[in-house]
Amino acid sequence: TMPAQYTPRPDLPEPILFALQDPYYQEGLNEHFDQIDPKIRKKFEHHFSVTTVARPPRQRVLSKRYSERVIPAPPPEGLWSMFGHTIHSILQEAAHRNPALEAEVRLGTVIKVRVGGKIHQVYIHGQADLYDPRIKMLDDYKITKAESMYYENKDEYIFQLNALAYIWRQNGKPVEAIRNVYLF
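Quick caveat, the model's predicted, so the values are computed rather than measured. Counting starts from 1 at the beginning of each chain's written sequence and moves along it residue by residue. Selection of residues for local features in this predicted model requires a pLDDT of at least 70, selection of side-chain atom pairs for listing and counting requires 80 or more, and totals for whole chains, interfaces and linings are taken over all residues. Note that water and hydrogens are dropped before the side-chain values are worked out from all heavy atoms of the structure.

Draft legend 1. Structural view of the pattern of salt bridges. Just to be clear on terms, a salt bridge is a Lys or Arg side-chain nitrogen sitting within 4 Å of an Asp or Glu carboxyl oxygen. Using the criterion set out here, one finds four salt bridges in the structure. Here Asp132 and Arg134 are joined by a salt bridge, their closest N and O atoms 2.8 Å apart. One salt bridge in this structure joins Asp139 and Arg179, with 2.9 Å as the shortest N-O distance. Note that Asp139 is positioned in strand 4 (residues 137-143) and Arg179 in strand 5 (residues 177-183), a separation of 40 residues in sequence. The rule is simple: take the accessible area with a 1.4 Å probe, protein chains only, and divide by the maximum for that residue type; under 20% is buried, over 50% is exposed, in between is partly exposed. Judged by its relative accessible area of 41%, Arg179 is partly exposed. Numbering goes from the N terminus for both helices and strands, where a helix is a DSSP run of H or I of at least four residues and a strand is a run of E of at least two.

Draft legend 2. Structural view of the pairing of strand 4. Taking burial as the measure, the seven residues of strand 4 include seven buried ones, the bulk of the element. Neither face of strand 4 is left uncovered, since the one carrying Met137, Asp139, Tyr141 and Ile143 and the one carrying Leu138, Asp140 and Lys142 both have all their residues buried. Only strands joined by at least two bridges in the DSSP assignment are considered to pair. Relative to strand 4, strand 3 (residues 118-132) runs antiparallel, the two being bridged by three bridges. Bridge pairing in strand 4 links Leu130 to Asp139. Between strand 3 and strand 4, which pair antiparallel one after the other, the connecting turn spans four residues, and Lys136 there sits at a positive phi close to 55°. Summarising the sheet, strand 4 and strand 5 pair through seven bridges and their orientation is parallel. When the bridges of strand 5 are listed, Tyr141 appears paired with Val181.

Draft legend 3. Region of the structure containing the environment of Phe48. On the secondary structure map, Phe48 appears in strand 1 (residues 46-49). The class of Phe48 is partly exposed, set by a relative accessible area of 35%. Separated by 76 residues in sequence, Phe48 and Ile124 place their C-alpha atoms 5.0 Å apart. Contacts were defined at the residue level, with two residues in contact if any of their heavy atoms lie within 4.5 Å. If we skip the residues at most four places from it in the chain, Phe48 touches Val53, Val122, Tyr123, Ile124 and His125.

Draft legend 4. Representation of the packing of aromatic side chains. Two aromatic rings, drawn from Phe, Tyr or Trp (for Trp, its six-membered ring), form a pair once their centres lie within 6.5 Å of each other, and the interplanar angle then sorts them: stacked below 30 degrees, edge-to-face above 60, tilted otherwise. In this structure the tally under the stated criterion is three aromatic pairs. Each residue in the set Phe33, Phe44 and Tyr123 is aromatic and connected to the rest through ring pairs, giving one cluster.

Draft legend 5. The arrangement of helix 8 (residues 155-170) in detail. With 16 residues, helix 8 should cover 22 Å at 1.5 Å per step; its first-to-last C-alpha distance of 23 Å lies within 8% of that length. Turning to helix 8, its buried residues number three or more, namely Tyr157, Gln160, Leu161, Ala163, Leu164, Ala165, Ile167 and Trp168. Those residues of helix 8 that are buried lie in contact with helix 4 (50-54), strand 2 (102-115), strand 3, strand 4 and strand 5. Positive phi shows up at Gly172, right after helix 8, with a value of about 75°. Each residue after the first adds 1.5 Å to the expected span of a helix.

Listed below in structure tokens is the structure:
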């Protein structure tokens, strides 16, 4: 997908507009795919993140259909995303103080999916915010507006975390507990 583009505003310095575009995610994803064993990469035709799979089907289809279209948005549209990235970065640095913890690790696995009678090999991947192998706990931080907790359905967050746990287990990392940590 194309990074978000924002309408220029003379009152905002260029670094803020760049930060709103969040190149970190795409760079991390590219790095992950570069590290996948070529034998495994040959096995799958498609790949999806657990976040994408958790979204409603219509949203996934429309996002894919229009992913190349650039629609400039006003900068405030990306402030929550930038705020979330900032909090995640701070928490990742804090987790690195304890060498037993694994922070911001992306893993994936190949699964078989039947579509229209044909079986496809699909690579599903995700990045966990924190994995503690000592207690086999997987955490995912959610940075959201407090009022969204009252109005939005959080089933996709639960699905996303369960999918991450499945991926971790497939990669030899036992998971016995999962937790969404809501930070407002």
